[in-house]
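The lines below spell out each chain.
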Amino acid sequence: MSLLSWLLVTLAGLSLATMVVSLTIATRSAREARSTIFPIVREEETVRARRARIVSSVTGVIAAIMAGAFFLSGQVLPPPVAPQQAPTEAVLAAESPAGEVAAPTEMPSQQATESPAGGEVVSAADQTPSPTAESPAGEALSPPATPTPSPPSPAITPSATPTPTPVPPSPTPAGTPVPAPPGVKIGPIAFATQITDRREPISPTTIFSDTVNRVYAVFPYNGMRNGLTWTQVWYFNGVEFNRGQGTWEWGSTDRSYVFTQLVGAGEYRLELYVNDELLTSAEFTVQGPVAVGGPEGTPTPESP
């Protein structure tokens, strides 16, 4: 292969390797984003998975371009065979075994000549003088046969790959909501900017400053079982902006928390579900910098 062919193969291989690594990173990040309960970690893993998918798509296109250029460079198809030219002149003399060229035998006019097989008598007037050479043993040698040019071998044309017909997916029946088990209780929810090591809110309130980095939502729970599906849904001014779902694995009775980053001043609401049943919800308000958690550190929250 030429230097250009080696370069195309190398670039295609590197692109494929990069695509495989990017797909691995995207799959791992997507799995981390689905399994974590922290919104910040989920956002970071989601962004990382999106970037890895973009890189894998770009490298896949580059690999396809390199492979196409390699095929177009003529390294796969064999070069066409040039057709052989038919001989333009008949051979008039034959070479004897000793290396000498025998002169053709002249045929007298109007003389009948017996064919070598001895069966037919051919008139010399009706027969075109043929350049027949005589061998040392006295036998007549027939002129060499004219070689028949072989047709050029056809170029190999790759067969078209049949296009698969897409099959529409079967409709998925909508499932009925699964209620929470009897006796499960969550809440009430308390909001704060800080929590203790015992997962207790510090100075809980419902009015915060728009300079606060994050807001914690602390809640007690009772009657929970490991393996239940629970969901947290955050709303900003009535529009959902964050959602997390996972499998419960923190026992039946204790205190837990979730948190979110603020997206601006306005009304926030948190809803907590077990299976598909809403068990509790709460709201808080984000105002200007003089509210709780602002740079002035006003201890008493402003009234709505």
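Residues numbered from 1 in each chain as written. Predicted model: local features only at pLDDT ≥ 70, side-chain atom pairs only at ≥ 80, totals over all residues. Heavy atoms only, no water.

Here we look at the sheet that holds strand β9 (residues 207-209)
Strands sit in the order β9-β15-β14-β11-β12 across an open sheet of five strands; the sheet is mixed. The open sheet has two edge strands with one neighbour each: β9 and β12 (239-247). Each adjacent strand pair in this sheet contributes to an overall mean axis angle of 25°, direction not counted. As paired elements, β9 and strand β15 (residues 277-287) share three bridges and run parallel to each other. From the neighbouring strand, Ile207 faces β15, where its bridge partner is Thr285. The strands touched by helix α2 (residues 39-72) within the sheet are β11 (229-236) and β12, with β12 carrying the most contacts at an inclination of about 95°. (Pairing = 2+ DSSP bridges. Helix = DSSP H or I, 4+ residues; strand = E, 2+ residues; numbered from the N terminus. Axes fitted to C-alpha atoms, helices over the stretch in contact; angles between N-to-C directions. Contact = heavy atoms within 4.5 Å.)

Some remarks on the confidence of the model for the protein chain
Reading fine detail from the predicted coordinates is not recommended where pLDDT is low. On average, residues of the protein chain carry a pLDDT of 73, and 61% of them reach 70 or more. Within the protein chain, the lowest mean pLDDT, 42, falls on strand β1 (residues 112-114), and the highest, 97, falls on strand β6 (residues 190-192). Note that residues 86-141 has pLDDT below 50 and, in this model, 45 contacts with residues that lie over four places away or in other chains. (pLDDT = per-residue confidence, 0-100.)

Concerning a positive patch on the surface
Residues Arg28, Arg31, Arg34, Arg50, Arg51 and Arg53 make up a contiguous surface patch of positive charge. Listing elements by their share of the positive patch, those giving two or more residues are α1 (3-35) and α2. By the secondary structure assignment, Arg50 is in helix α2. (Patch = residues over 30% accessible without salt bridge, like charges linked within 9 Å, V, L, I, M, F, W, Y side chains within 5 Å. Areas by Shrake-Rupley, 256 points an atom, 1.4 Å probe, with all protein chains shown as cover. Salt bridge = Lys/Arg side-chain N within 4 Å of Asp/Glu carboxyl O. Lys, Arg positive; Asp, Glu negative; His and termini not counted. Charge placed at Lys NZ, Arg CZ, Asp CG, Glu CD.)

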